[in-house]
Amino acid sequence: MFNQWKELRERYDELSVRLANSNLESSKRHALQKEHSQLSIIVSKRKEIEAIEASVHETRELLEANSDGDMVQLYQEEIASLEQELKNKKDELDELLFP
């Protein structure tokens, strides 16, 4: 999946650069804009997933470094909430990729 994500991201970046060209003919621009728009949604969703994964990682580190019972419970609840949000975002991404 990592290679596919990398390819999608590279295509998105390529389209961004090509669309910045003011000499692009109208019909070609329209086709590129359509593809760029579709990829933009996927790229955005993937960035959301990466941000949540980073938050889960950070919260796990805080949990491991803390021994206060109340804080441990708070971190565990936060991790459970983030993991549910992560699952939901991954499901949304799957829907975008495989409708």
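Think of each chain on its own: its residues are numbered from 1, step by step along the sequence as written. Where totals are concerned, whole chains, interfaces and linings use all residues; where local detail is concerned, this predicted model gives features only for residues with pLDDT of at least 70, and gives and counts side-chain atom pairs only at 80 or more. Side-chain descriptors were evaluated using all non-hydrogen atoms of the structure, hydrogens and water having been removed beforehand.

Caption draft 1: Highlighting the packing of aromatic side chains. To pair, rings of Phe, Tyr and Trp, with the six-membered ring standing in for Trp, must have centres within 6.5 Å; the planes then decide the type, stacked if under 30 degrees apart, edge-to-face if over 60, and tilted in the middle. Applying the stated criterion across every chain, the model contains zero aromatic pairs. Cation over ring: R46 sits above W5, and NZ or CZ is 5.8 Å from the ring centre. Should the NZ of a Lys or the CZ of an Arg lie within 6 Å of a ring centre and within 35 degrees of the ring normal, that charge is described as sitting over the ring.

Caption draft 2: Layout of helix α3 (residues 69-97). In this text, helices come from DSSP runs of H or I with a minimum length of four residues, and strands from runs of E with a minimum of two, each type numbered from the N-terminal end. Expected helix span is taken as 1.5 Å per residue step, with the number of steps being one fewer than the number of residues. Over its 29 residues, α3 runs 42 Å from end to end, which matches the ideal 42 Å to within 8%, given 1.5 Å per residue. Each residue is placed in one exposure class: buried if its accessible area under a 1.4 Å probe, protein chains only, is under 20% of its type's maximum, exposed if it is over 50%, and partly exposed if it falls in between. Residues of α3 that are buried include every one of V72, Y75, I79, L82, L86, K89 and L93, and no others. Contact criterion: two residues are considered in contact whenever any of their non-hydrogen atoms come within 4.5 Å of each other. Looking at the buried side of α3, the elements it contacts are α2 (26-64).

Caption draft 3: Structural view of the nonpolar core. If you look at the biggest cluster of nonpolar residues, it comprises eight residues: W5, Y12, L15, L19, L24, L32, L39 and V43. Listing elements by their share of this core, those giving two or more residues are α1 (2-19) and α2. Take this core: its biggest share by element is four residues, from α1. In terms of nonpolar packing, the next biggest core, distinct from the first, is built from seven residues, I42, I52, L86 and L93 among them. What makes a nonpolar core is a set of buried Ala, Val, Leu, Ile, Met, Phe, Trp, Tyr and Cys residues whose side-chain atoms join them at distances within 4.5 Å.

Caption draft 4: Looking closely at the packing of α2 against α3. Relative to each other, α2 and α3 sit at 160 degrees, their axes nearing to 9 Å. Overall, the two elements α2 and α3 adopt an arrangement that is roughly antiparallel. The way α2 lies across α3 gives a crossing that is left-handed. The residue classification treats Ala, Val, Leu, Ile, Met, Phe, Trp, Tyr, Cys and Pro as nonpolar and Asp, Glu, Lys and Arg as charged. All others, Gly included, are polar. Each residue belonging to the contact of α2 with α3 can be placed in one class, and the counts come to 15 nonpolar, three polar and eleven charged. The axes are straight lines fitted to the C-alpha atoms, using for helices just the contacting stretch, and the angles between their N-to-C directions are given from 0 to 180°. Orientation labels follow simple angle bins: below 35 degrees gives roughly parallel, above 145 gives roughly antiparallel, 65 to 115 gives roughly perpendicular, and whatever is left gives oblique. Two helices cross in a left-handed way if the nearer one is turned anticlockwise from the farther one by less than a right angle. They cross in a right-handed way if the turn is clockwise.

Caption draft 5: Region of interest: the environment of L19. Secondary-structure assignment places L19 in helix α1. The buried category is assigned to L19, whose relative accessible area is 16%. Once residues lying within four places of it in the same chain are set aside, the contact partners of L19 are L24, R29, L32, Q33 and H36.

Caption draft 6: Inspection of the pattern of salt bridges at higher detail. Salt bridges are defined by distance alone: a side-chain nitrogen of Lys or Arg within 4 Å of a carboxyl oxygen of Asp or Glu. Under the counting rule described, the total for this entry stands at twelve salt bridges. Residues E48 and K89 are paired through a salt bridge, measuring 2.9 Å at the closest nitrogen-oxygen approach. One end of the pair, E48, is in helix α2; the other, K89, is in helix α3, and 41 residues separate them in sequence. Here K89 falls in the buried class, since its relative accessible area comes to 18%. Of the charged contacts, one joins E92 and K89 as a salt bridge, the two residues approaching to 4.0 Å between their closest N and O atoms. Here the residue E92 and the residue K89 both occupy positions in helix α3, the gap between them amounting to three residues, near one helical turn. Of the residues examined, E92 reaches a relative accessible area of 35% and is grouped as partly exposed.

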